[in-house]
Amino acid sequence: MKILPEISRTLSEYLLIPGLTTEDCTPDNVDLGAPLVRHRVGEEPGIRIATPMVSAIMQAVSSPGLAVALAQVGGLSFIHQNQQIEDQAADVLAVKRHKAGFRTGDVTVAPQTPLGEVARLLADTEQGVAVVTENGEADGEFAGIIGLDDFHLERHGAFEPAGNRMRGRNGLVTAPASVSLSEANELIWQHHLDVLPVVDGGRVVSLVLKSDYQAHKTYHRASVDAEKRLRVGAGINSRDYKDRIPALVEAGADVLCLDSSDGYSVYQAKTLEFAREAYGEEVSVGAGNVVDGRAFRYLADAGAAFVKVGIGGGAICTTREQKGIGRGQASALLDVVQARDAYALETGVYVPLCCDGGLLSDSHMAMALAMGADFIMLGRYFARLDESPSRKLQIGGQWYKEYWGEGSRRAQNEARYGQRGRMVFEEGVDGYVPYAGSLYDNVERTRAKITSTMISCGSTNLRDFHRDAVLVPVSAESFKQTGAEVQLRRPAVDSGE
């Protein structure tokens, strides 16, 4: 037995001391970009994200819809692995079909599909236009397009076939699959189009919408690959990796990540060894989770593309309660950061760190980045949003989203926790989180807060923030001082203001 001579501390037990804010410290000059995968010191990483936020490998969080939205704002999602291999590969492929500015045809109908059904499909998917193919399948022969502006149910009737109201292929301006986004937008403005189908061999491969033009300008931070497709990650495990990794690579996953509550194991090393021998440096696999420098060094030596830090700190995780394993997130992060920097100095290889757990507020995220994390992984944060796959429901007049942990009975995740058959105990809970609206709005707000913190500390990029941040532990009395109760003002019924 060994007892460490320290107190296990959380992120909320520290404050940042302001640094000198210079004239260069303006929001426009702050760069939140971070390396996602290992690289030689002084060289650029193979994958870099503009927003240092990734989504947790969870059923309640990382769906293709959320992956598209998060990539658009500069982050990246890891499609969860607690599903059949072919289903996960299909989710990855669905994201990769989204080029920046190019949409896949989410709704495909046949000429004989009733207009009422078309309207329902468009409403359910929040799309404004559907692709019409001869057989109603996505890979069918292109026949035309139909949008909400092409019919009115009261005027044309819910049972009239879509073929009677669609804009036929022969009368449409189309573009070849080789078209660039700038060329597509030029065609849209030149021909006064609201939609431009991109066609390859009689099949629609994507759509470019006029309504997205401003969005393209807005998503200037988008995480994209060399072909301008949105980037996406995928979770894997140390059991079926010999089958899952090839399928995900074939689907186009940009980066993979081992999904485990405790990553300090020979099984993760064997998985990393398989990926390295099969694909060399072409496939990047992150590993974890760890809470100390020993475990980091083990996984870094095994070839991990990045290492996740944190055990038991997640809002939905009960590993500490059930197994007595874990460490305060701040203590874990500070220890592993020291090991990462020593590893980089010794080997010339920089292995990025992902802070996973213990992030209850935007200030905690800023604190984790100041302590040396390169990017942060979030579950509860994204589960609250419109783009997460879980249900939105009303309880007692308040809107919530469902949220459950991968260690919960609902997830039944044998691959992650190794409990075969009936679960003997759970390492996660099943519940609800308050609904918080759009991902786009929330991420922009979080970026603004982190940017403001960095400006107050005199830093304009994360590397400088790591180097120059000055932190101080917070006493119990400090908590009391900042936690005095104040009755918040509520708008009066007859405010007159």
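See above for the structure.
What counts and what doesn't
- Residues numbered from 1 in each chain as written.
- Predicted model: local features only at pLDDT ≥ 70, side-chain atom pairs only at ≥ 80, totals over all residues.
- Heavy atoms only, no water.
- Helix = DSSP H or I, 4+ residues; strand = E, 2+ residues; numbered from the N terminus.
- Buried < 20%, exposed > 50% of the residue type's maximum accessible area, 1.4 Å probe, protein only.
- Contact = heavy atoms within 4.5 Å.
- Salt bridge = Lys/Arg side-chain N within 4 Å of Asp/Glu carboxyl O.
- Arc of directions from axis to C-beta.
- Patch = residues over 30% accessible without salt bridge, like charges linked within 9 Å, V, L, I, M, F, W, Y side chains within 5 Å.
- Areas by Shrake-Rupley, 256 points an atom, 1.4 Å probe, with all protein chains shown as cover.
- Pairing = 2+ DSSP bridges.
- Axes fitted to C-alpha atoms, helices over the stretch in contact; angles between N-to-C directions.

Undergrad: Quick question: what am I supposed to make of the environment of Tyr435 here?
TA: Looking at the secondary structure, you find Tyr435 in the loop between β23 (430-434) and α15 (439-456). Owing to a relative accessible area of 25%, Tyr435 belongs among the partly exposed residues under this scheme. Expressed as a C-alpha distance, the spacing of Tyr435 and Leu393, which sit 42 residues apart in the sequence, is 8.8 Å. Non-local contacts of Tyr435, meaning those with residues more than four positions away in its chain, are made with Arg384, Asp386, Lys392, Trp399, Tyr400 and Lys401.

Undergrad: It is not clear to me how the pattern of salt bridges should be interpreted in this structure. Could you clarify?
TA: Opposite charge on two side chains makes pairing possible when the charged atoms of those side chains draw close. Applying the stated criterion across every chain, the model contains 25 salt bridges. Here Glu6 makes a salt bridge to Arg327, at a shortest N to O gap of 2.8 Å. With Glu6 in the segment before β1 (14-17) and Arg327 in the loop between α10 (319-323) and α11 (329-347), this residue pair connects regions lying 321 residues apart in the sequence. Given a relative accessible area of 10%, Arg327 falls into the buried group. The closest approach of N and O atoms between Arg167 and Asp150, which form a salt bridge, is 3.1 Å. Placement of the pair is Arg167 in strand β10 (residues 167-168) and Asp150 in the loop between β9 (142-147) and α4 (153-156), with a sequence separation of 17 residues. Take Asp150: its relative accessible area is 13%, and that puts it in the buried class. One connected set of salt bridges, linked through shared partners, spans Lys96, Asp225, Glu227, Arg229, Arg231 and Asp254.

Undergrad: Even after reading the chapter, I still don't get helix α3 (residues 115-125), so can you show me in this structure?
TA: Residues separated by three or four positions in an α-helix point in the same direction, a consequence of the helix having 3.6 residues per turn. Taken together, the buried positions of α3 are Leu115, Val118, Ala119 and Leu122. The buried residues of α3 occupy an angular sector of 95 degrees when projected down its axis, which confines them to one face. Elements that come into contact with the buried residues of α3 comprise β7 (108-109), β8 (129-133), β9 and α4.

Undergrad: It is not clear to me how helix α9 (residues 293-301) should be interpreted in this structure. Could you clarify?
TA: The complete set of buried residues in α9 reads Gly293, Ala295, Phe296, Leu299 and Ala300. The arc that holds every buried residue of α9, seen down its axis, measures 160 degrees, which confines them to one face. Contacts made by the buried residues of α9 are with α8 (266-279), β16 (285-290), β17 (307-309), α11 and β19 (353-356). Immediately beyond the C-terminal end of α9, within one or two residues, lies Gly303, with a positive phi of roughly 105 degrees.

Undergrad: What exactly am I supposed to notice about a nonpolar patch on the surface here?
TA: A surface patch of nonpolar side chains, amounting to about 310 Å² of accessible area, comprises Leu15, Ile17, Val470 and Val472. Contributions of two or more residues to the nonpolar patch are made by β1 and β24 (470-473). Positionally, Ile17 belongs in strand β1. For Ile17, a relative accessible area of 39% corresponds to the partly exposed category.

Undergrad: How do you make sense of the sheet that holds strand β13 (residues 203-209) when you look at a structure like this?
TA: Two pairing modes exist for strands in a sheet, parallel and antiparallel, and in both the strands are linked by backbone hydrogen bonds. An order of β11-β12-β13 is seen for the three strands of this open sheet, with the pairing classed as mixed. Looking at the sheet topology across the chains shown, the edges are occupied by β11 (175-176) and β13. As judged from the two bridges shared by β11 and strand β12 (residues 195-200), these two strands associate in the parallel manner. Of the residues in β12, the one forming a bridge with Pro176 is Val199. On the sheet, helix α5 (residues 181-190) packs against β11, β12 and β13 and is oriented at approximately 70 degrees with respect to β13.

Undergrad: Explain unusual backbone geometry to me, please; I cannot follow it from the model alone.
TA: Backbone phi values are negative for most residues with the exception of glycine, while trans is the configuration of most peptide bonds. Across the junction of Gly288 and Asn289, the peptide omega takes the value 15 degrees, indicating a cis bond. Mapping Asn289 onto the fold places it in strand β16. Not every positive phi belongs to a glycine, and His192 is a case in point at roughly 55 degrees. Inspection of the secondary structure assignment puts His192 in the loop between α5 and β12. A positive phi angle, near 65 degrees, is found at Lys228, a position not held by glycine. Position of Lys228 among the secondary structure elements: in the loop between α6 (213-218) and β14 (233-236). Judged by relative accessible area, Lys228 falls into the exposed class, the value being 52%.

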